[in-house]
Amino acid sequence: MERIVEPERQIVFRVPWVDDKGEIHVNRGFRIEFNSALGPYKGGLRFHPSVNFGVIKFLGFEQIFKNSLTDLPIGGAKGGADFDPKGKSDKEIMLFCQSFMTELYRHLGENTDVPAGDIGVGSREIGYLFGQYKRITNKFEAGVITGKGLRYGGSSVRTEATGYGLVFFVDEMLKTINETFEGKTCVVSGSGNVAIYTVEKIHQLGGKVIAVSDSDGYIYDKEGIDLDLLKQLKEVERRRIKDYIPYHKQAIYKPNGNIWEIPCDIALPCATQNELDENDAESLVKNGVIAIAEGANMPCTPAAIRVFEKAKVLFGPGKAANGGGVATSALEMEQNAGKTRWDFEYTENKLKKIMQGIFRRCSQAAIEYGFPNNYIVGAN
């Protein structure tokens, strides 16, 4: 215990960059290489103003156990910077990423530490980071970072992986009470990568997502969220969720609204840590929710989780339920090592089997230790 709670290595560095007006800014960068007992350090990079040592440390600690649950040879790490990509131009983000990688590159390697994306770090940022790594090292070392574009060493399903994996995990939970997604109403917080592909897979399995959110508020659409429009707004045009309204007059936008007050069968928090508290949990239980699973990293507070446990509502903890992203990152590493590429169907099938394996390990361990259906105890 004493050994595992102390990171193997903690790296802090400054990240100077120049904005479009020629003004110099300095941010702080972090990488906590927590544990390499099972393989090279693996965990995302987060660019968000809330990032500090404490945030990166708790995420890195959680990552150790999430990665071990996948049964793949990857250790635990996390990193990022207190940089806010919101409102920045492509050039500003590129310059920041290049400055960030200029320091971080010396700590990375396909057999040492392999970062990926997280909040604020998508395929655009990964491209800038990988390009700078190549420039500095003079190596096309594809396995050094994951979440890359398909044309330069990325994996099919990586974009969809966390959302798809979350739904695969919940599907296994629902089977234990003889239920499926068919006909269920679902609420998904967030509207980033994880949320979008959670919505997509739920719709494929016959469920209906009626609400999504961003940091400004939420959209409620009783007809079901228009996924194509959501992708267009968030992935292509990088606009806010309120811009959904002009296209669907029946939808309601609530600025600063609480998405957890909406009655639903299944609630999936996919935004950020501590977004769902005790009062939110009580509202969900009162409104008849049957299952909750964490698409984000630890979005439910401990008090909220106690409410769900007391009400005997199915609960999937993030270290198990959202393991699909890092699992597919490990599959990307495997493809890079073999200099090969798998097709979408094959990779999605491997992801589904990994998520079923995570669920099975959680479920069996919970039974073995006398806590049947308690997937937190099982996962830990």
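Residues numbered from 1 in each chain as written. Predicted model: local features only at pLDDT ≥ 70, side-chain atom pairs only at ≥ 80, totals over all residues. Heavy atoms only, no water.

**What to know about the pattern of salt bridges**
And then number 1: Considering all chains together, one arrives at 19 salt bridges under this definition.
And then number 2: A salt bridge links Arg361 to Asp71; the nearest nitrogen and oxygen atoms lie 4.0 Å apart. One end of the pair, Arg361, is in helix H11 (residues 344-368); the other, Asp71, is in the loop between helix H1 (53-69) and strand S4 (76-81), and 290 residues separate them in sequence.
And then number 3: Judged by its relative accessible area of 58%, Asp71 is exposed.
And then number 4: The structure contains a network of salt bridges with shared partners spanning Asp214, Asp216, Lys234 and Arg240. (Salt bridge = Lys/Arg side-chain N within 4 Å of Asp/Glu carboxyl O. Helix = DSSP H or I, 4+ residues; strand = E, 2+ residues; numbered from the N terminus. Buried < 20%, exposed > 50% of the residue type's maximum accessible area, 1.4 Å probe, protein only.)

**Some thoughts on the state of the cysteines**
And then number 1: Under the criterion given, the structure shown has zero disulfides.
And then number 2: No disulfide involves Cys186; its nearest neighbouring cysteine sulfur is the one of Cys264, lying 7.4 Å away.
And then number 3: Cys186 sits in the buried class, given a relative accessible area of 0%. (Disulfide = S-S within 2.5 Å.)

**Topic: H1**
Since the α-helix turns once every 3.6 residues, residues separated by three or four places project in the same direction.
And then number 1: Taking 1.5 Å as the rise per residue, H1 with 17 residues should run 24 Å; its terminal C-alpha atoms sit 25 Å apart, in good agreement.
And then number 2: Every buried residue of H1 is listed here: Val55, Ile56, Leu59, Gly60, Glu62, Gln63, Ile64, Lys66, Asn67 and Leu69.
And then number 3: One side-chain oxygen of the residue at the start of H1 lies 2.9 Å from the amide nitrogen of Gly54, identifying that residue as Asn52.
And then number 4: Following H1 by one or two positions, Asp71 adopts a phi angle in the positive range, close to 70°. (Expected span 1.5 Å × (residues − 1). Polar contact = N/O pair within 3.5 Å; in protein donor to acceptor, adjacent residues only side chain to side chain.)

**Some remarks on the side chain of Ser99**
And then number 1: Assignment of secondary structure puts Ser99 in helix H2 (residues 90-104).
And then number 2: Those residues in contact with Ser99 that lie beyond four places of it in its chain are Val15 and Pro16. (Contact = heavy atoms within 4.5 Å.)

**Digging into a nonpolar patch on the surface**
And then number 1: On the surface, Val18, Ile24 and Val26 cluster together to form a nonpolar patch covering roughly 290 Å² of accessible area.
And then number 2: The residue Ile24 is located in strand S2 (residues 24-35) in this model. (Patch = residues over 30% accessible without salt bridge, like charges linked within 9 Å, V, L, I, M, F, W, Y side chains within 5 Å. Areas by Shrake-Rupley, 256 points an atom, 1.4 Å probe, with all protein chains shown as cover.)

**Section: the packing of aromatic side chains**
And then number 1: For the structure on display, the rule yields 20 aromatic pairs.
And then number 2: Here a set of aromatic residues connected by ring pairs shows up, and it is made of Phe13, Trp17, Phe47, Phe83, Phe96 and Phe100.
And then number 3: When the ring centre of Tyr164 is taken as origin, the NZ or CZ atom of Lys201, which lies over that ring, is 4.4 Å away.
And then number 4: Taking the ring centre of Trp342 as reference, the NZ or CZ of Lys350 above it sits at 5.2 Å. (Phe/Tyr/Trp six-rings, centres within 6.5 Å; stacked < 30°, edge-to-face > 60°. Lys NZ or Arg CZ within 6 Å of the ring centre and 35° of its normal.)

These figures capture arrangement, not role.
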